[in-house]
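One-letter residues, chain by chain:
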Amino acid sequence: MVKPCLYYKTKNQPCGVVCTCSPSYSGEKSEMVPSCPFIYIIHKDVDVYSQILRKLFNESHGIFLGLQRIDEELTGKSRKSQLVRVSKNYRSVIRACMEEMHQVAIAAKDPASGRQFSSQVSILSAMELIWNLCEILFIEVAPAGHLLLHLLDWVRLHVCEVDSLSADVLGSENPSNHDSFWNLVTILVLQGRLDEARQMLSKEADASPASAGVCRIMGDLMRTMPILSPGNTQTLTELELKWQHWHEECERYLQDSTFATNPHLESLLKIMLGDEAALLEQKELLSNWYHFLVTRLLYSNPTVKPTDLHYYAQSSLDLFLGGESSPEPLDNILLAAFEFDIHQVIKECSIALSNWWFVAHLTDLLDHCKLLQSHNLYFGSNMREFLLLEYASGLFAHPSLWQLGVDYFDYCPKLGRVSLELHIERIPLNTEQKALKVLRICEQRQMTEQVRSICKILAMKAVRNNRLGSALSWSIRAKDAAFATLVSDRFLRDYCERGCFSDLDLIDNLGPAMMLSDRLTFLGKYREFHRMYGEKRFADAASLLLSLMTSRIAPRSFWMTLLTDALPLLEQKQVIFSAEQTYELMQCLEDLTSRRPVRGESDIQQLQDEDIETTKVEMLRLALARNLARAIIREGSLEGS
């Protein structure tokens, strides 16, 4: 499946996955001639070629493998804590890549490249934002009270302009007179960072004695606001009662116009009362609707239940946009998450994001949380497996990341092996080192057909490069009898031309592999004959030579060579061949000469070759006759004695 938003209209572009034409027609009505003004090169998962995103793929691969090995027997808090830790590890990898991409964008000299990197930073930031929210809602499953604490942390992490603003204000000579002082205090209140807001108000009180009293009152309200802290043991009912009393106290100060002399403090009080109009006045400081949502919950319903989130989320989105604009894809994804619609989150992310990394890993994690068990796809695979297959397929488009894809296919129980077999056959085996990697992967998974196919390819390459030893080794590894026979014939032909064998170590150590084909068996045995002859084991060498011919394992085209090899043994002072063995050699010679084809007109070279063959035959007949006579005499004398 090709991801959306990856269609490029281009003049000069490297070779892509698929090229399609956009036809148009011109000419007279009677004759419509198609023309193609543009070529569209469709790239699949182009993000795998980004140097920085490759780090994301590599780092997350290790986290993915660790997740698959989590003990299924673990239950309850121990399993949940492990899954949360895995989720945080994924987020830390996203953030590290985002920060590196941000630095590259700043350092980019080309404006177009800078914009491209900045766009990628925005995408990575959105990915972490979505993942973090899914972690809070689906993995940690925070209960009422604690849920808001997690959402506050979520907003603070992803709306971080306040830190640079704070450094700017506090770095000035007189912070309370800084143009952005009240903006800073307001943002701190909007994010629930009330301790920091109180510290800023103390600076205002020190600089302006006239406002010291109201600043102190506001500081007390901030200090006494009841919030459920992580280590607090109070119940939700107790928290709600305390918060109600605090809220009523804030209402009294507003009705008494305590802060009427200071509009900034009065605006802060309205925010702390959860006044929607006051909050919407701070749209620029809130910057987005989900910040508005969390602030609204903090000051109007701090013990919100997870089941009520979707109502507040939808109303906050509508209020914040105010009908002036339509929701962005990110808004729809976050809204689906607040509605606890996991499948809609995955669907929207699949459409909006430019690669399968995010949805594949998030879905896998949610599947381990037992949240996707009931969702099977109609074509025999569940959603987790489908997305992992798509992601792994994209990795196979890269010359080195394909190795990561293998592990993802391994953890797809239904279609993973079939997909791996199809993809691994398409890997270009540019080097022998790469071929060995692929081969090792196939052997570890008992992919017999792929092992045989790869070995055949390597054997063919070795033959084309005249590396017969390597070719024979690969054909043996492939258990390809036909190709082993072909390579053995090449070895024998080379021997006839050069008078010696190449790759003796390989031939000497064939072992049981020589039984793969008759020709390979003959090659091994013929080499063994030479070794016996060199060791002066003439009787054993003679028996082996004769058996190679009489068993018809030797190719007929090689018989003359074998008979010629027998000449030195026939001429030995000691009788090597017995009378019976000599008769068998004579029979082989007669079979060979009687079946020689009758030639027509021949050129000079052919005539010379025939003369040489005739001379060899005459020499063999003479040597065989002489040996027969010696053998008969010797055997007769042995019988007489």
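Each remark here, short or long, concerns the structure printed above.
These figures come from a predicted structure and were not determined experimentally. (Residues numbered from 1 in each chain as written. Predicted model: local features only at pLDDT ≥ 70, side-chain atom pairs only at ≥ 80, totals over all residues. Heavy atoms only, no water.)

A.B. asks: Where do I start with the environment of Asn 132 in this structure?
C.D. replies: Mapped onto the elements, Asn 132 comes out in helix H3 (residues 111–140). Here the alpha-carbon distance between Asn 132 and Leu 151, two residues 19 residues apart in the chain, equals 9.5 Å. Ignoring anything within four residues of it in the chain, the contact list for Asn 132 reads Arg 91, Trp 154, Leu 157 and His 158. (Helix = DSSP H or I, 4+ residues; strand = E, 2+ residues; numbered from the N terminus. Contact = heavy atoms within 4.5 Å.)

A.B. asks: Can you walk me through unusual backbone geometry in this structure?
C.D. replies: Most of the time, phi is negative for any residue but glycine, and the peptide bond is trans. Positive phi, normally seen in glycine, also occurs at Val 141, with a value near 50°. Within the fold, Val 141 resides in the loop between H3 and helix H4 (146–158). Although it is not a glycine, Phe 340 sits at a positive phi angle of roughly 60°. Phe 340 sits in the partly exposed class, given a relative accessible area of 34%. (Buried < 20%, exposed > 50% of the residue type's maximum accessible area, 1.4 Å probe, protein only.)

A.B. asks: Just to check I follow, could you spell out the packing of aromatic side chains for this structure?
C.D. replies: Where two aromatic rings form a pair, the distance of their centres and the angle of their planes describe that pair. All told, the structure shown has 23 aromatic pairs when counted by the stated rule. For the pair Trp 154 and Phe 338, a centre-to-centre distance of 6.0 Å together with 75° between the ring planes defines the contact as edge-to-face. On the criterion of sequence distance, the pair formed by Trp 154 in helix H4 and Phe 338 in helix H15 (residues 329–338) is long-range, its members being 184 residues apart. Overall, the relative accessible area of 1% leaves Trp 154 in the buried class. Pairing Trp 289 with Phe 338 gives two aromatic rings, centres 6.1 Å apart and planes at 70°, and the pair type is edge-to-face. (Phe/Tyr/Trp six-rings, centres within 6.5 Å; stacked < 30°, edge-to-face > 60°.)

A.B. asks: Whenever I open this one, the nonpolar core confuses me. Can you help?
C.D. replies: Nonpolar side chains in soluble globular proteins tend to end up buried together. Counting 193 residues, the largest nonpolar core has Leu 151, Trp 154, Trp 289, Phe 338, Trp 357 and Phe 358 as the members making the most contacts within it. Considering each element in turn, this core owes the most residues, 12 residues, to H3. The residues contacting Phe 338, other than those within four sequence positions of it, are Leu 133, Leu 137, Leu 151, Trp 154, Trp 289, Leu 293, Leu 309, His 310 and Ala 313. (Core = buried A, V, L, I, M, F, W, Y, C linked by side-chain atoms within 4.5 Å.)

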